[in-house]
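Working through the structure, step by step
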Amino acid sequence: MSDMIDAWKEMFASNSLPDSRTPSQNHDTHWCLLKPITVEEINSIRNTKDSSAGPDMITIKELNAIPATELASHFNLWLLVGTQPSEMCVGRTIFIPKVDNPTSLEHRPLTIASVIIRLYLKIMAKRWEATLTFHSSEKGFFEGDGIAQHVWTLRTIIDKAKSNLKPLNMVFVDVKKVFDSVSHETIQLALKRLGNPFPIVNYIKELYGWSVTIF
């Protein structure tokens with residue numbers, strides 16, 4: 001287990017790959033994403049289910065006890081300046097076994113952030129989903145069971161080919177370690193291309209740049 005933790009520490013400490021391309025913005029800047037976060041937005045997304053606490057050990061119950069007006073004041077300050085308190089950039093990483101009786105390499109790391117920042121990011125994700133234009137196949141950016149929808153689409157294509165006695169060739173592509181290898185600068189370019197205003201792009205930059213984890 002110690003070898004695995006050392007390997008992950010080395011990965012977290014390594015610099016992201018540079019990406020100096022100039023993004024071609026496909027949409028106008030969506031300044032509406034910077035409108036003040038409302039009490040209604042917070043209350044509509046508050047989580048009532050039990051969930052693991054982050055490194056600050058604040059629970060969902062304790063978060064829900066904070067007045068929405070107070071949370072809105074803090075969130076709007078983060079939104080305006082494009083950054084957040086350093087305490088919100090700290091996560092704790094646990095290792096979940098992939099198989100029964102796993103070796104040290106057969107674990108999946110899961111990093112848990114504070115429930116406060118998770119609420120804030122849920123609000124921003126809701127705004128992105130309603131405002132930004134994504135490809136219809138990118139089910140990871142929308143509510144609902146995207147896997148089930150893709151499976152249904154695939155089954156429909158197969159059934160149609162079988163009923164029409166048509167040949168069908170399919171290719172499955174799995175990009176190895178994609179989340180470990182995407183450059184942080186590339187993420188910023190994608191945000192700009194989609195029309196995110198500068199404070200939000202800077203926020204994501206700061207979030208990745210200052211994030212640390214506790215093992």
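Located above this text is the structure these notes cover.
This report concerns the structure included in the present document. (Residues numbered from 1 in each chain as written. Predicted model: local features only at pLDDT ≥ 70, side-chain atom pairs only at ≥ 80, totals over all residues. Heavy atoms only, no water.)

Some words on the sheet that holds strand E1 (residues 90–97)
One open sheet accounts for 3 strands, arranged E2-E1-E3; its pairing is mixed. Bordering the open sheet on either side are strand E2 (107–112) and strand E3 (212–214), each of which pairs with just one other strand. Direction aside, neighbouring strands of the sheet carry axes that sit 40° apart on average. In the sheet, E1 pairs with E2 via 6 bridges, with the strands oriented antiparallel. (Pairing = 2+ DSSP bridges. Helix = DSSP H or I, 4+ residues; strand = E, 2+ residues; numbered from the N terminus. Axes fitted to C-alpha atoms, helices over the stretch in contact; angles between N-to-C directions.)

Overview of the packing of aromatic side chains
Geometry of an aromatic ring pair is reported as the spacing of the ring centres plus the angle between the planes. Within this structure, the stated rule accounts for 4 aromatic pairs. When the ring of Trp78 is compared with that of Tyr120, the centres are 5.2 Å apart and the planes differ by 75°; the resulting orientation is edge-to-face. In this pair, Trp78 is assigned in helix H4 (residues 68–81) and Tyr120 in helix H5 (residues 115–131), connecting sequence segments 42 residues apart. Just as Trp78 is buried, Tyr120 falls in that class too. Through pairs of rings, three or more aromatic residues link up here, namely Phe75, Trp78, Tyr120 and Tyr203. (Phe/Tyr/Trp six-rings, centres within 6.5 Å; stacked < 30°, edge-to-face > 60°. Buried < 20%, exposed > 50% of the residue type's maximum accessible area, 1.4 Å probe, protein only.)

Read these as spatial facts, not as claims about activity.
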